[in-house]
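Structural overview
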Amino acid sequence: MLKAAWKSLMGRKLRLLMSVLSIVLGVMFVARSLMFTDLLGATARQILSATVSDVNVTTAQNVTPGAGASTRVIEQKVVEEISALPGVARVSGSVTNSTVYPLDADGRAITLGGAPGIATNFDDMPALDGAVGMKVVSGRAPEAFDEVAVDPSTVKRAGYAVGNTIKLAVPQGTREFKLVGTATFGDGATSGASYLFFTLETMRSIVPELAAGYNSVSIQTDPGTDKTALAEQIKPLLPQGFRAVDGKTLADEYEDEIGVRLGFVNTFLLVFAGIALLVASLLILNTFSIVVSQRSRELALLRALGAKRSQVRRTVLFEAVIVALIGAAFGLALGYGLTWLLLWLMNSAGLGLGSATPRLTWQTATICVAVALVVTVIAALLPARRASRTRPVEAMAQAVSASPEGIGTPAWLGLGALQIGVAVLACGVFFEVPRRLWWVGGGAALTLIGAVLAAGVVGAPILWLADRINSAFFGEVGRMATRNATRQPRRTAATAATLMIGLTLVAILAATTTASVRHDLTKNQRGDFLLSPVNYQPFHVDVDAVGKVDGVEAVWTFSRTAAQVPGYGEVVVTGTTPSGIKDGSAAKVLAGELLDTPGSVLLDYDLSRKAGLPMGKRFTIPGIDGGEVELLVTGITKGGSDAGMITNAAT
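Residues numbered from 1 in each chain as written. Predicted model: local features only at pLDDT ≥ 70, side-chain atom pairs only at ≥ 80, totals over all residues. Heavy atoms only, no water.

Some points on the overall build of the protein
- From N to C terminus, the protein includes 21 helices and 21 strands.
- Counting over 651 residues, the protein shows a buried share of 41%.
- Look at the contacts in the protein between residues 6 or more apart in sequence, and 76% of them connect residues 24 or more apart.
- For the protein, the accessible area works out to roughly 33900 Å², and carbon and sulfur atoms hold 62% of it. (Helix = DSSP H or I, 4+ residues; strand = E, 2+ residues; numbered from the N terminus. Buried < 20%, exposed > 50% of the residue type's maximum accessible area, 1.4 Å probe, protein only. Contact = heavy atoms within 4.5 Å. Areas by Shrake-Rupley, 256 points an atom, 1.4 Å probe, with all protein chains shown as cover.)

Below, the structure written as structure tokens:
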């Protein structure tokens with residue numbers, strides 16, 4: 001039977017070509033998603049291995065980066081005390097800022113997707129376990145106050161060469177430096193960020209708050225030193241707001257955080273792979289239905305010669321397994337090639353993924369083959385069962401192919417689901433119901449499923465109209481096409497459903513993205529212009545100068561950070577002025593107001609209720625300097641772009 005199935009499959013390879021291609025596309029998307037996220041993860045690990053030392057002194061976890069943490073200082077005497085500890089081989093203090101960007105010839109910042117411009121003082125100290133840290137690629141490291149070394153990807157994107165004068169955007173404005181070399185971390189992976197290396201004196205001029213100290217310290221240990229124990233010895237020496245942690249623990253923390261972010265990317269890509277596989281399953285179902293129908297006499301002859309129903313069913317399923325394996329093989333190959341293409345495109349665009357390359361692991365191969373087999377076999381199961389149930393005499397007399405196909409029970413169930421889905425969707429959109437998102441989402445899902453199942457019924461008026469048009473323009477050929485479609489409504493519906501699902505989901509994604517952007521621009525944003533840094537970090541701006549520009553009527557400023565509210569947890573804190581909350585914000589003030597005095601705060605309604613902080617209540621939160629800040633609840637808000645606390649900028 002299996003030999004007969006193979007010969008039958010080879011005789012119908014053209015008919016099954018579309019099924020194979022659909023599996024190839026679905027598996028290609030799955031393989032590409034898995035290998036691409038693995039590639040990004042490898043790049044992240046490369047960066048971590050080159051930027052983490054044996055023991056590290058960094059900002060404490062409960063201090064939000066960019067929210068004033070850069071003003072915390074590790075003094076030189078602390079570095080000297082760390083150097084005197086047993087097991088310490090070398091100590092290096094760093095001054096780092098993530099808002100320094102090269103400018104091109106037209107004065108535009110060289111950045112990709114809001115990636116940071118990381119500026120630090122150059123130091124050739126090894127990274128964790130002796131790995132390569134900062135290194136010079138060409139030229140030399142900066143030695144003078146007006147010299148800089150930049151990573152090769154950024155130099156290429158900016159159009160500079162070693163020896164040129166390069167203009168940089170720093171927190172205080174713009175400054176010119178001499179480009180004396182190219183340098184990077186480890187294997188050179190940047191993920192779109194810019195690396196800029198200066199002397200320590202230059203970095204302290206860029207970050208004047210650290211003129212007498214550092215904002216991080218790296219420690220190289222002697223061989224055999226217990227890094228965790230050394231970190232514990234360093235902790236008592238540190239000022240408020242800093243922590244000491246061994247390199248492996250710090251790398252694991254960063255990797256976990258990166259893994260969460262990559263999980264969203266992987267999920268987003270796998271959604272499209274799932275759509276492709278769903279469409280593929282419908283196409284396979286339709287293809288095998290046609291093939292089985294055309295082979296009815298052949299299968300009936302096998303039954304007449306003594307073949308069992310299970311043998312006929314296995315014959316059809318064996319064909320499906322072969323289709324799945326062929327599709328999975330080609331899909332894996334194309335997915336692997338597509339990942340290499342993405343790597344080349346990203347490196348060409350300046351993202352700089354270092355030496356990481358796509359990997360085809362056995363886990364990826366197993367997942368892709370398993371997905372292809374499951375989807376194909378499930379889609380072919382119904383035609384296989386139908387073929388095994390056909391009576392030999394009936395099939396040989398072509399009774400199955402001669403009689404028109406009925407609509408079937410699933411179509412009527414789908415019609416009911418369609419009506420219920422439309423009703424639920426209408427309730428969620430037009431009426432005040434609890435958990436509106438559930439109503440809208442559930443109604444949309446039911447509507448789509450019902451439309452797919454009931455396509456044979458719902459599409460009848462469309463086929464009637466198509467018959468009139470085809471008959472008018474194409475005569476007998478048009479009438480023949482319409483009769484062929486109406487003769488097998490379930491088969492026609494399955495074919496149309498593949499296109500319907502694809503177009504529907506793509507249209508929904510496009511409409512949702514457009515609506516989300518429009519919502520943010522029209523509801524949450526006030527004013528005609530928005531000034532913000534490319535990497536969403538705090539920045540300096542002369543508000544008075546902006547307000548004096550011709551045509552500017554009002555300027556509102558906002559600063560954001562995070563804070564721990566007793567009895568509730570971490571919340572977003574927005575600092576602004578009374579006019580900013582009234583005219584420049586979308587937040588709705590339910591009661592009270594923001595006072596023009598330090599300590600005045602508006603709380604979101606849910607935060608106020610859950611934390612037990614009504615109007616008039618005083619409470620304290622940890623400040624960025626290690627002390628406590630006393631606040632007074634002077635108002636309650638609801639909605640807006642940020643839910644949490646809105647306080648006076650002076651606070």
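So, next bit.
Here's the deal with the packing of helix α9 (residues 309-348) against helix α10 (residues 362-389)
- Between α9 and α10, the shortest axis-to-axis distance is 7 Å and the interhelical angle comes to 150°. By the angle class used here, α9 and α10 are roughly antiparallel. Regarding α9 and α10, the two cross each other, and that crossing is right-handed.
- Counted by class, the contact of α9 with α10 contains 20 nonpolar, 3 polar and 4 charged residues. (Axes fitted to C-alpha atoms, helices over the stretch in contact; angles between N-to-C directions. Parallel < 35°, antiparallel > 145°, perpendicular 65-115°, else oblique. Left-handed = near helix turned anticlockwise from the far one by under 90°. Nonpolar A, V, L, I, M, F, W, Y, C, P; charged D, E, K, R; others polar.)

Comments concerning the pattern of salt bridges
- Per the stated rule, a full pass over the model turns up 15 salt bridges.
- For E75, the salt bridge is made with K77, and the minimal N-O distance between the two is 4.0 Å.
- Its relative accessible area of 41% is what places E75 among the partly exposed residues.
- A salt bridge links D104 to R108, with the shortest nitrogen-to-oxygen separation between them at 3.2 Å.
- For R108, a relative accessible area of 52% translates into the label exposed.
- One network of salt bridges, with partners in common, ties together R90, D123 and D124. (Salt bridge = Lys/Arg side-chain N within 4 Å of Asp/Glu carboxyl O.)

Description of the sheet that holds strand β3 (residues 88-94)
- Taken together, the 4 strands give an open sheet; going across it, the order is β3-β13-β1-β14, and neighbouring strands pair in antiparallel fashion. With one partner strand each, in any of the chains shown, β3 and β14 (242-246) form the two edges of the open sheet. Each adjacent strand pair in this sheet contributes to an overall mean axis angle of 20°, direction not counted.
- Summarising the sheet, strand β1 (residues 55-59) and strand β13 (residues 216-221) pair through 3 bridges and their orientation is antiparallel. Paired with V57 across the strands is V217, a residue of β13.
- Lying on the sheet, helix α3 (residues 76-83) is in contact with β1, β3 and β13; it crosses β3 at an angle near 165°.
- Relative to β14, helix α6 (residues 227-234) is tilted by about 165°, and along the sheet it contacts β1, β3, β13 and β14. (Pairing = 2+ DSSP bridges.)

Notes on the environment of K167
- Here K167 shows up in strand β9 (residues 165-170).
- Taking the relative accessible area as the measure of exposure, K167 reaches 35% and is therefore partly exposed.
- The spatial distance from the C-alpha of K167 to the C-alpha of A109 is 9.8 Å, given a sequence separation of 58 residues.
- With residues up to four places along the chain from it excluded, the contact list for K167 reads Y101, P102, L103, Y160, T174, R175 and E176.

Considerations on the nonpolar core
- Residues V57, V148, F198, I219 and I234 are the most contacted members of the largest nonpolar core, which totals 38 residues.
- Not counting residues within four places of it along the chain, the set of residues in contact with V57 comprises I74, I82, S216, V217, I219, I234, L238, F242, R243 and A244.
- By size, the runner-up hydrophobic cluster in this structure holds 16 residues, among which are I23, L34, A273 and A379. (Core = buried A, V, L, I, M, F, W, Y, C linked by side-chain atoms within 4.5 Å.)

Some thoughts on the environment of L39
- Residue placement: L39 occurs in helix α2 (residues 17-51).
- Given the relative accessible area of 0%, L39 is considered buried.
- Along the chain, L39 and P358 lie 319 residues apart, while their C-alpha atoms are 5.6 Å from each other.
- With residues up to four places along the chain from it excluded, the contact list for L39 reads T339, L343, L353, A356, T357 and P358.

Focus: the confidence of the model for the protein
- Overall, the prediction assigns the protein a mean pLDDT of 78, with 77% of residues at 70 or greater.
- Averaged pLDDT values over the elements of the protein bottom out at 46 in helix α12 (residues 399-402) and peak at 94 in strand β8 (residues 147-150).
- Scored below 50 in pLDDT, residues 62-70 shows 14 contacts in the model against residues more than four places distant or in partner chains.
- Here residues 399-403 scores under 50 on pLDDT; set against residues more than four positions off or in separate chains, the count is 7 contacts. (pLDDT = per-residue confidence, 0-100.)

Some points on α3
- Those residues of α3 that sit buried are V78, V79 and I82. For α3, the arc enclosing every buried residue in end-on projection is 100°, short of the 170-degree limit, so these residues lie on one face.
- Buried residues belonging to α3 abut β1, β2 (74-75), β3, β12 (213-214), β13 and α6. (Arc of directions from axis to C-beta.)

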